[in-house]
Number of protein chains: 2
Amino acid sequence: MIDPETVRERLRAGDRRLLARVLSAIEDDAPVLRDLAAALAPATGHAYVIGLTGAPGVGKSSVTAELIGALRARGDRVGVLAVDPSSPFSGGALLGDRVRMQEYALDDAVFIRSMASRGHLGGLSAAAPQALRGFDAAGYDVVLVETVGVGQSEVEVARIADACVVLLAPGMGDGVQAAKAGVLEIGDLFVVNKADRDGAQSLIRELRGMVALADHGPDDWKPPIVRTVATTGEGIADLVGRLDRFRAEAERTGRWQDRRLGRAETEVSALALASLRRRLGAADSGGGDRLVELAEDVRDGRLDPYAAADRLVAARE
Amino acid sequence: MIDPETVRERLRAGDRRLLARVLSAIEDDAPVLRDLAAALAPATGHAYVIGLTGAPGVGKSSVTAELIGALRARGDRVGVLAVDPSSPFSGGALLGDRVRMQEYALDDAVFIRSMASRGHLGGLSAAAPQALRGFDAAGYDVVLVETVGVGQSEVEVARIADACVVLLAPGMGDGVQAAKAGVLEIGDLFVVNKADRDGAQSLIRELRGMVALADHGPDDWKPPIVRTVATTGEGIADLVGRLDRFRAEAERTGRWQDRRLGRAETEVSALALASLRRRLGAADSGGGDRLVELAEDVRDGRLDPYAAADRLVAARE
């Protein structure tokens, strides 16, 4: 790859193929990232990162597509990062879903990319902020981070985003599930999509009750519940307005910067951990094969795994 | 909790409530585990751990329930560990699914437990082998580890199990998906459930072609493809027979012990890493708040995250 300073210049100038290559390097945890990260660091901080999460079937892709349209209409450059939970089974479906996004294929101010988190040793927590920095350096005003609501990815996306939008729809099973599972805590805004369907009103009512009960921290932001019908575009303008208001409010209270600090803490910890993991790996592939010896003792019941782990860490130091 | 030696005795004597408490302690990564692990280590190694994985809808719970029945019929004591990928959205569905398992609620030789992996700092790789040791110490002959095929859990389950069964069913979308995604490499046995449905024959044909092409290592075990109709019990006896043969064959070639060594390596690494992570955490909550300072520099573009991670690791040493 070309030198990091040139990469920064060319990203800024709108080189899409280069952005694609940078994102691939991040996905693969390529060694070039270290230099690149240093070059991009000062160029970032501008983009508004919006996380979108929800169970399969709530209409996430349709809402995302409409949101892109609304943001483009007012001149924003829009990046989309679809976080693939790396499932052998659902991996294909994620991309198949986004036929609607094809309409932006020729729009130079829209860049859609799906990213698997398994290539990066630091996981999504380390890879996604890097990717966001790539979008940011390339001058995108908004980056939509879309993740399917399975596994822990929706909790991770909430940590990565400036604002987290949780999508629900009527008829997706018990609404109370959502509360129990902790999505209430991660949502800065809720969208009830397919709001023209049966059951929407009772879902909204239930959600409203739960939002009223939940603790949203000291600064008193009450997450709004936005009704949308993505297939007709209904409610999308309202959603954009709410997102703007959320940002303004968060900047006013200082939560914006606090949250970005939290994101940086998570990222730095994940990278530090990945580097420690790499060293443990090196210890095991290296000379004494200490790990194999210890594992043999564990397998055969001569040693318990905690004691073995202590010895492995001690051997590394 | 009572002292570790007594725990071992009482587990061996069939104390189910105690087993439940031990499994909870593992899930929560309770400090008592260290002593417990040391006490249980010599008592284990007997149970045959069978992983079952597949996309939602293939009939995993039904196959599991039939398998329990067949194993019970020949006198095996059977443990079931349902690994919950900790999804806020799907967490409930996993348990709702297992109404069929209710028939074993009164059978003292069957113990069914679902376990979330998020409580344990070492993740599934560290928590599951511990839980298996609990079942093992309690005298279960077979432990079925069931995981829904989302996220990376099916790859992890393959690492944990003595044998990994991959379930497929006709009409679940493109069969070729499976190959692309790497499930072929993890399957020691394949089950095509709902084998009486349209499309079963072509799915089997396709799978057979792919299994023939895949590399199964030096010892030449060709994963069989078993047809089942779990709703009628068809094919379950065949599956049990194949699982027995797999074990006999693996013990003969030495792969059995190799695989258990690999499992112990993964477990010890995960625990070692968790202990390092704990120390990084301590570094950040402690005096200098080094992590927060570094994260501020990263957030504000004064430092790149890789350099920050290096400094964090250096500060710890």
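Above this text you will find the structure in question.
Residues numbered from 1 in each chain as written. Chains lettered and ligands numbered in written order. Predicted model: local features only at pLDDT ≥ 70, side-chain atom pairs only at ≥ 80, totals over all residues. Heavy atoms only, no water.

### Brief notes about the overall build of chain A
What counts, and what does not: Every helix listed is a DSSP run of H or I at least four residues long, and every strand listed is a run of E at least two residues long, numbered separately from the N terminus. For each residue, the accessible area found with a 1.4 Å probe, counting protein chains only, is set against the maximum for its type, and the residue is called buried under 20%, exposed over 50%, and partly exposed in between. Residue contacts follow a heavy-atom distance rule, with two residues in contact if any of their heavy atoms lie within 4.5 Å. Residue-level accessible areas treat just the shown protein chains as cover; the underlying method is Shrake-Rupley with a 1.4 Å probe.
Scanning chain A from terminus to terminus reveals 14 helices and 7 strands. Buried positions account for 56% of the 317 residues belonging to chain A. Taking all contacts inside chain A whose residues are at least 6 apart in sequence as the whole, residues at least 24 apart take part in 77%. Summing over all exposed atoms, chain A offers an accessible surface of approximately 12700 Å²; the carbon and sulfur share of this is 50%.

### Quick look at the packing of aromatic side chains
Quick reminder of the rule: Put simply, two rings from Phe, Tyr or Trp (the six-membered ring, in Trp's case) pair if the centres are within 6.5 Å, and we call them stacked under 30 degrees between planes, edge-to-face over 60, tilted for the rest. A ring is scored as having a charge over it whenever the NZ atom of a lysine or the CZ atom of an arginine sits within 6 Å of its centre and within 35 degrees of its normal.
All told, the structure shown has 10 aromatic pairs over all chains when counted by the stated rule. Three or more aromatic residues joined by ring pairs form one cluster here, namely Phe111(A), Phe135(A) and Tyr140(A). Seen from the ring of Tyr140(A), Arg77(A) lies directly overhead, with NZ or CZ sitting 4.5 Å from the centre. Sitting over the ring of Tyr48(B), Arg247(B) keeps its end group 5.2 Å from the ring centre.

### Comments concerning the packing of helix α1 (residues 4-12) of chain A against helix α3 (residues 33-40) of chain A
For any two helices packed against each other, one specifies the crossing angle of their axes together with the interaxial distance. Residues and elements named next belong to chain A. The line we're drawing: For helices, the fitted line uses only the C-alpha atoms of the stretch in contact; every axis is such a line through C-alpha atoms, and the angle between N-to-C directions lies from 0 to 180 degrees. Roughly parallel means an angle under 35 degrees; roughly antiparallel, over 145; roughly perpendicular, 65 to 115; everything else is oblique. Should the near helix be turned anticlockwise from the far one by less than a right angle, the crossing is left-handed, and should it be turned clockwise, the crossing is right-handed.
One can describe the packing of α1 onto α3 by two numbers: an axis separation of 8 Å at closest approach and a directional angle of 55 degrees. Comparing their axes, α3 and α1 come out oblique. Of the two possible hands of crossing, α1 and α3 adopt the one that is right-handed. Here α1 contributes Pro 4, Glu 5, Val 7, Arg 8 and Leu 11 to the contact with α3, which in turn contributes Asp 35, Leu 36, Ala 39 and Leu 40.

### Notes on helix α3 (residues 33-40) of chain B
Applicable threshold: Comment: arc refers to directions from the helix axis out to C-beta atoms.
Turning to α3(B), its buried residues number three or more, namely Leu33(B), Leu36(B), Ala37(B), Ala39(B) and Leu40(B). Around the axis of α3(B), the buried residues are gathered within 165 degrees of arc, so they sit on the same side.

### Structural notes on the environment of Leu312(A)
Checked against the element boundaries, Leu312(A) lands in helix α14 (residues 305-316). Its relative accessible area of 3% is what places Leu312(A) among the buried residues. Taking C-alpha positions, Leu312(A) is 7.8 Å from Leu294(A), a pair spaced 18 residues apart along the chain. Excluding its chain neighbours within four sequence positions, the residues that come into contact with Leu312(A) are Leu280(A), Leu291(A), Leu294(A), Val268(B), Ser269(B) and Ala272(B).

### Concerning the pairing of strand β5 (residues 163-168) of chain A
Residue and element names in this part refer to chain A. Rules: Strands are treated as partners if at least two bridges between them are detected by DSSP.
Taken across its 6 residues, β5 has 6 buried, putting it largely inside the fold. In this structure, strand β1 (residues 48-54) lies alongside β5, joined through 4 bridges in parallel fashion. Within β5, the residue paired with Thr 53 across the bridge is Val 166. Pairing between β5 and strand β6 (residues 189-192): 4 bridges, direction parallel. Note on β6: the bridge partner recorded for Leu 168 is Val 192.

### Some remarks on helix α11 (residues 236-253) of chain A
Residue and element names in this part refer to chain A. Put simply, the rule is: Multiplying 1.5 Å by the helix residue count minus one yields the expected span of that helix.
For α11, built from 18 residues, the straight-helix expectation of 26 Å at 1.5 Å per residue is met to within 8% by its first-to-last C-alpha distance of 26 Å. Taken together, the buried positions of α11 are occupied by Ile 236, Leu 239, Val 240, Leu 243, Phe 246 and Ala 250. Around the axis of α11, the buried residues are gathered within 115 degrees of arc, so they sit on the same side. Of the residues in α11, the exposed ones pointing more than 90 degrees away from the buried face are Ala 237, Arg 245 and Arg 252.

### Here we look at the pattern of salt bridges
Residues and elements named next belong to chain A. Test applied: By definition here, a salt bridge exists when the distance from a side-chain nitrogen of Lys or Arg to a carboxyl oxygen of Asp or Glu is within 4 Å.
What the rule picks out here adds up to 40 salt bridges over all chains. Of the charged contacts in the structure, one is a salt bridge between Asp 76 and Arg 74, with a shortest N-O distance of 3.2 Å. Accessibility expressed as a relative area gives 13% for Asp 76, which makes it buried. Under the relative-accessibility criterion, Arg 74 is labelled partly exposed at 43%.

### Focus on the side chain of Lys194(A)
Residue and element names in this part refer to chain A. Which entries qualify depends on this criterion: His residues and chain termini do not enter the charge count, which takes Lys and Arg as positive and Asp and Glu as negative.
Relative to the helices and strands, Lys 194 resides in the loop between β6 and α10 (200-213). Buried and unpaired, Lys 194 has Asp 196 as its nearest opposite-charge partner, separated by 8.8 Å. Contact partners of Lys 194, with chain neighbours within four places excluded, come to Gly 57, Val 58, Gly 59, Ala 169, Pro 170, Ala 200, Thr 228 and Val 229.

### Some points on the packing of helix α4 (residues 60-73) of chain B against helix α11 (residues 236-253) of chain B
Residues and elements named next belong to chain B. Selection rule: Under the convention adopted here, Pro, Cys and the residues Ala, Val, Leu, Ile, Met, Phe, Trp and Tyr are nonpolar, Asp, Glu, Lys and Arg are charged, and Gly plus all remaining residues are polar.
Where α4 contacts α11, the axes come no closer than 10 Å and their chain directions differ by 70 degrees. If you check the angle between α4 and α11, you find them roughly perpendicular. Taking contact as the criterion, the partners of Val 63, Glu 66, Leu 67, Ala 70 and Leu 71 in α4 are, on α11, Ile 236, Leu 239 and Val 240. Taken together, the residues of the contact of α4 with α11 sort by class into 7 nonpolar, no polar and 1 charged.

### Details of the environment of Gly233(B)
All names here are of chain B. You can see Gly 233 is positioned in the loop between β7 (225-227) and α11. Taking the relative accessible area as the measure of exposure, Gly 233 reaches 22% and is therefore partly exposed. The spacing of Gly 233 and Ser 62 is 171 residues in sequence and 9.1 Å in space, taken between C-alpha atoms.

Remember that the coordinates give geometry; whether it matters functionally is a separate question.
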